[in-house]
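Understanding the architecture of this molecule
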Amino acid sequence: MLSADDNNSKNYRENKKLAMRTPQIFRYFVLSILLVFSSYTLSQEPVRIAFMDPLTGAFASIGNSGLKQLQFAADYLYNSKGGILGGRMIEIVPLDNKQSPTESQLQFRRAVSGGIQYIFQGNGSAVANALNDAINRHNRRNPGQEVMQVNYSAVDPILTEENCSFWHFRWDAHANMKLNILTDYIAANEGINSVYIIGQDYSFGQVVSDTSIELLRQKRPDIKIAGNEFHPIGQVKDFTPYVTKIVASGADAVITGNYGADMVSLARSIIDNGLDIPIYTFYAAYDGITATLGEDGKDRIRLIHNETSNPIPTEQRKEFYRAFKAANPNNDVTQPRITNALMMIVQAMEETQSTDPYDVGLALEDMRFTTIGGDEVWMRGEDHQVFQSLHISVHTDEGVEFDADNSGFGLYTEYSVPLEETIVPVNECRMRRPRR
Amino acid sequence: MLEVFIFATLNGLVTGLLLFMLASGLTLIFSMMGVLNFAHASFYMLGAYFAYSISLHFGFWTGLIFAPIIVGVLGALVERYGLRRVHQHGHVAELVFTFGLAFLIEEAVQFFWGADTKNYQSPDLLDFPLFTLFGQEFPAYRGFMIGISITIFISLYYVLTKSRIGIIIQAALTHPHTVSNLGHNVPLIFMGVFGVGTALAGVAGVMAGPVLTTFPGMAVVLGSIVFVIVVIGGLGSLAGAFIASILIGLLQSYAIASDLGMPDLLNILGIEFSRDHPLTDLWTLTLPQIAPILPFLLLVLVLIFRPTGLMGKREQ
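Predicted, not measured: the structure shown is a model, and the values here were computed from it. (Residues numbered from 1 in each chain as written. Chains lettered and ligands numbered in written order. Predicted model: local features only at pLDDT ≥ 70, side-chain atom pairs only at ≥ 80, totals over all residues.)

Let's shift gears to the overall build of chain B. The number of helices and strands found in chain B is 14 helices and 2 strands. In terms of C-alpha radius of gyration, chain B reaches 21 Å, essentially the compact-globule figure of 20 Å for 316 residues. The buried share of chain B, reckoned over its 316 residues, is 46%. Taking as baseline every contact in chain B between residues at least 6 positions apart, the subset at least 24 positions apart corresponds to 77%. (Helix = DSSP H or I, 4+ residues; strand = E, 2+ residues; numbered from the N terminus. Rg over C-alpha atoms; globule rule 2.2 N^0.38 Å. Buried ≥ 20, exposed ≤ 12 C-beta atoms within 10 Å, placed from the backbone. Contact = placed C-beta atoms within 7 Å.)

This part is about the overall build of chain A. Counting secondary structure elements, chain A contains 14 helices and 15 strands. Taken over the C-alpha trace, chain A has a radius of gyration of 21 Å; the compact-globule value for 436 residues is 22 Å, and the two agree within 12%. A buried classification covers 53% of the 436 residues belonging to chain A.

On the chain B side, the residues contacting the 36 residues of chain A number 35 residues. Contributing elements (two or more residues each) for the side of chain A that touches chain B: α2 (23–42), α3 (60–77), β7 (224–231), α8 (240–249), α9 (260–272) and α10 (289–293) of chain A. If you tally residues by element for the side of chain A that touches chain B, the top one is α8 of chain A, at 7 residues. The residue inventory of the side of chain A that touches chain B, partitioned by class, reads 14 nonpolar, 14 polar and 8 charged. (Nonpolar A, V, L, I, M, F, W, Y, C, P; charged D, E, K, R; others polar.)

Residue and element names in this part refer to chain A. Running from amino to carboxyl end, helix α4 (residues 101–113) crosses helix α5 (residues 125–141) at an angle of 40°, the nearest separation of the two axes being 9 Å. In terms of their interaxial angle, α4 and α5 are classed as oblique. The way α4 lies across α5 gives a crossing that is right-handed. Listed contacts from α5 to Pro-101, Ser-104, Gln-105, Phe-108 and Val-112 of α4 are Ala-126, Val-127, Ala-130, Leu-131, Ala-134 and His-138. Each residue belonging to the contact of α4 with α5 can be placed in one class, and the counts come to 8 nonpolar, 3 polar and no charged. (Axes fitted to C-alpha atoms, helices over the stretch in contact; angles between N-to-C directions. Parallel < 35°, antiparallel > 145°, perpendicular 65-115°, else oblique. Left-handed = near helix turned anticlockwise from the far one by under 90°.)

Quick look at the packing of helix α5 (residues 140–162) of chain B against helix α8 (residues 186–212) of chain B now. Two packed helices can be described by the angle between their axes and the distance between those axes. Residue and element names in this part refer to chain B. Direction vectors running N to C along α5 and α8 enclose 170°, while the axes themselves pass 11 Å from each other. Overall, the two elements α5 and α8 adopt an arrangement that is roughly antiparallel. Taken together, the residues of α8 that come into contact with α5 (itself represented by Tyr-141, Met-145, Ile-148 and Ile-152) are Leu-200, Val-203, Met-207 and Val-211. Residues belonging to the contact of α5 with α8 are distributed by class as follows: 8 nonpolar, no polar and no charged.

Before going further, it helps to spend a moment on the confidence of the model for chain A. Residue and element names in this part refer to chain A. For chain A, per-residue confidence averages 88 on the pLDDT scale, and residues scoring 70 or more make up 90% of the total. Segment residues 1–10 is flagged for pLDDT under 50; beyond a separation of four residues in sequence, or across chains, it makes 1 contact in the model. Taken as a whole, residues 16–20 scores under 50 in pLDDT and shows 6 contacts with residues more than four places along the chain or in a different chain. (pLDDT = per-residue confidence, 0-100.)

All right, on to the domain arrangement of chain A then. Residue and element names in this part refer to chain A. What the domain assignment reports for chain A is domain 1 (2–174 + 317–387) and domain 2 (176–310 + 389–422). Facing the 23 residues of domain 1 at the interface are 22 residues of domain 2. Secondary-structure elements contributing two or more residues to the side of domain 1 that touches domain 2 are α3, α5, α12 (336–352) and β12 (376–379). Of the residues that constitute the side of domain 1 that touches domain 2, the class distribution is 11 nonpolar, 7 polar and 5 charged. (Domains from an automatic or database assignment.)

Looking now at the pairing of β12 of chain A. All names here are of chain A. By the alternation rule, side chains of β12 split into Val-377 and Met-379, which are all buried, and Glu-376 and Trp-378, of which none is buried. Alignment of β12 against strand β13 (residues 386–387), held across 2 bridges, turns out to be antiparallel. Paired with Met-379 across the two strands is Val-386, which belongs to β13. Hairpin geometry of β12 and β13 is characterised by an intervening segment of 6 residues between the two adjacent antiparallel strands and by a positive phi of about 60° at His-384. (Pairing = 2+ DSSP bridges.)

Moving on, we get to the environment of Phe-369 of chain A. Considering the arrangement of structural elements, one finds Phe-369 of chain A in strand β11 (residues 368–370). Along the chain, Phe-369 of chain A and Gly-274 of chain A lie 95 residues apart, while their C-alpha atoms are 45 Å from each other.

As a further point, take the sheet that holds strand β6 (residues 194–200) of chain A. Residue and element names in this part refer to chain A. Within the open sheet, the 7 strands sit side by side as β7-β6-β8-β9-β10-β14-β15. Their pairing is mixed. Unpaired on one side and paired on the other, β7 and β15 (410–417) mark the two borders of the sheet. The average angle at which neighbouring strand axes cross in this sheet is 25°, direction not considered. In this sheet, β7 lies alongside β6 in parallel orientation, the contact comprising 7 bridges. Bridge pairing in β7 links Gln-200 to His-231. The sheet strands contacting helix α7 (residues 203–219) are β6, β7 and β8 (253–256), and the helix crosses β6 at an angle near 160°.

Next up on the list: the nonpolar core. Counting 200 residues, the largest nonpolar core has Val-195 of chain A together with Leu-22 and Ile-229 of chain B as the members making the most contacts within it. If one sorts the elements of this core by residue count, helix α1 (residues 2–33) of chain B sits on top with 19 residues. In terms of domain composition, this core takes at least three residues from each of domain 1 (2–174 + 317–387) and domain 2 (176–310 + 389–422) of chain A. Ile-229 of chain B has contacts with Leu-19, Ala-23, Ala-241, Ala-244, Ser-245 and Ile-248 of chain B, leaving out every residue within four places of it along the chain. (Core = buried A, V, L, I, M, F, W, Y, C linked by C-beta atoms within 7 Å.)

Glancing now at the sheet that holds strand β3 (residues 118–121) of chain A. Remark on secondary structure: sheet strands pair via backbone hydrogen bonds, oriented parallel or antiparallel. Residue and element names in this part refer to chain A. The strand order across the open sheet formed by 5 strands is β2-β1-β3-β4-β5, and the pairing between neighbours is parallel. The sheet terminates laterally at β2 (90–96) and β5 (168–170), the two strands that pair on one side only. If you compare each strand with its neighbour and ignore which way they point, the axes differ by 25° on average.

An ideal rise of 1.5 Å per residue puts 24 Å on 17 residues; α5 of chain A measures up with 24 Å between its terminal C-alpha atoms. Contact partners of the buried residues in α5 of chain A: α4, β3, β4 (148–151), β5 and α7 of chain A. (Expected span 1.5 Å × (residues − 1).)

Residues and elements named next belong to chain A. With an omega of -10°, the peptide bond between Asn-310 and Pro-311 qualifies as cis. On the secondary structure map, Pro-311 appears in the loop between β10 (301–306) and α11 (315–327). Of note in the backbone geometry, Gln-99 takes a positive phi value of approximately 55° without being a glycine. Phi is positive for Asp-287, which is not a glycine, with a value near 55°. Classification of Asp-287 by C-beta neighbours within 10 Å gives buried; the count is 31.

Before going further, it helps to examine the environment of Lys-237 of chain A. Within the element layout of this structure, Lys-237 of chain A appears in the loop between β7 and α8. Residues Lys-237 of chain A and Glu-420 of chain A, 183 residues apart in the sequence, show an inter-C-alpha distance of 42 Å. Those residues in contact with Lys-237 of chain A that sit more than four places away from it in its chain are Thr-15, Leu-212, Val-221 and Leu-222 of chain B.

It is worth spelling out the confidence of the model for chain B at this point. Caution applies to low-pLDDT parts of the model: their predicted coordinates are not meant to be read in detail. Residue and element names in this part refer to chain B. In the predicted model, chain B carries a mean pLDDT of 87, and 98% of its residues have values of at least 70. When mean pLDDT is compared element by element in chain B, helix α2 (residues 40–58) scores highest at 93, while helix α12 (residues 280–283) scores lowest at 73. The complex model carries a pTM of 0.80, and its ipTM stands at 0.77.

Structurally, the position occupied by Glu-3 of chain B is in helix α1. Taking the C-beta count within 10 Å as the criterion, Glu-3 of chain B has 14 such neighbours and is therefore assigned partly exposed. When near neighbours in sequence (up to four residues on either side) are disregarded, Glu-3 of chain B contacts Ala-248 of chain A together with Leu-133, Phe-134 and Gln-136 of chain B.

Next comes the structure, spelled out in structure tokens:
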């Protein structure tokens, strides 16, 4: 026990050295060091959870916003109330993977050498797939020191299908589930006769394109696919040339899975060039996007997501939002699923009185949980895919109690689908379950 | 098809002229110091962020005037107190210095402004379509961008070739010692050119911010392409940079607008591959998909067939 502790502190020093590279990470580190010390003096070792997402570069805003939400959820729900498992604090360790699969492998080694067994990761299915491989390999070779992948946002279906793993849990509806609902919605709109699909040129973008075409063909064979375009992720300076093509194609609607800067630029170009058609998206809100779209995007941009932003059904979740806003005036609760994931993991830890990912994983399987928003969540045991009600919301300033980016604009839910109707059958998942 | 062609040309011009504003400063600085300034695109980003902050309080137009001045002064200070000291240790030291500076600026921007996208908007005055063609609007702001860029190109060309200052600068570039012996303050000229070069990048940032969105990654997105332009145009050649900028702007724009790809080529050749072919990704590649790497392809070709660049004068 003693030697393990020595090892930990040595690794800790090394970690610290690495973190000095950027001031932002340095700041979080000072914070986490303080946290470590305070909890040591209080009672026991903290439960350490890594948050691995881009904290610098083109997608830094999404990563940092997610980090703040996880940090806040841990502090607000648990640390300020005496911690979990009889007094242990939750310590969030930020790891910057720069949205690169290679960098993620390095950061994963850091997490492992720091004794971390839970890794939150959400941005980029390419990264999630790489991390999935690394974690499976590590867990096979190091029984007793397994790591759990807490996927809160990477929606490539393959992660719960062909590549499903006991150590991976997904708290977001995958792309096919979301597109199933989105295409229902589009199919029901008689005014739409042709759609243009544009997306980032990697696994996720390809899935969005293939599935949309497939589903629309089934539901509304008369809808024409006016265009199916891929662009390199995070590289396009100006989307105007793409918009020119969309206009020329005569499409009535656009479907895109873009996020971050790629989403803002695309929407801005569409608006600036006077193209007045609806845009159906996955991620076109928050982190500067809502403010940038403002009045021009009103009633034109729609998102498919879980957990409504407006109206919020429970007082408890409103409280949570207000407290978050008070602590982070420039951010919003953009991904309630981060909170859901943390709460369900903590519940599993409390049930099993263990922080071992194996025990926690078993307890999570088929767990039914009610979120602070009053929404029921089911973690399916066969493939570790979460199910909960899905919503389509519109970018507007009407009926918006909780706005985004302090802009007065936000999301208002127009269309909801209950949990039961979002369920898709288990597909190609042959999970290798660890033996203990 | 005609409408796509016309708009692709206009879009290419806007991008090309924007790139030129960056490349012109970079190529001037190169011919002066013999060093590529890796932090050049970072000054472009600073321009956008300063203009955003100024526009919050005083409006867009004040930002358009003052942000480039602030960036230019910053650039001059960097030359005076940074580059000039590093200069005596040779080119490698200068290169590493500017490389580090690029990272420093990106981190500073994130530190002061945060990592999220800033809501930097074009002025209301220009918020109307300049003209509508085939049902597609061309925003007035883009017309304004073209206007400013061309004005800058013409006045820069005039100052450099016709005015007394321009003649001294040109002389200082090739014969610094002679110019110094004639009683001109050559270090001051260098500092001025560096300042003006970075200010031009600042102008580009101010104008591009509202269109291309203002976020901490904007320097990285544009950084590499500017070097490609400077090399293709011929290091140190202003006219070369102009031609290369327009060329690359149009090339990318046309490539995206076209629907051609490998399938068309294979059709012409009469070859067919099944979808299960291991190289199926290659056979289904389209021109729009590879548009962003075309400039780099062009760079390779130019380096092979004309290593001095299109208008380069440097001899081996």
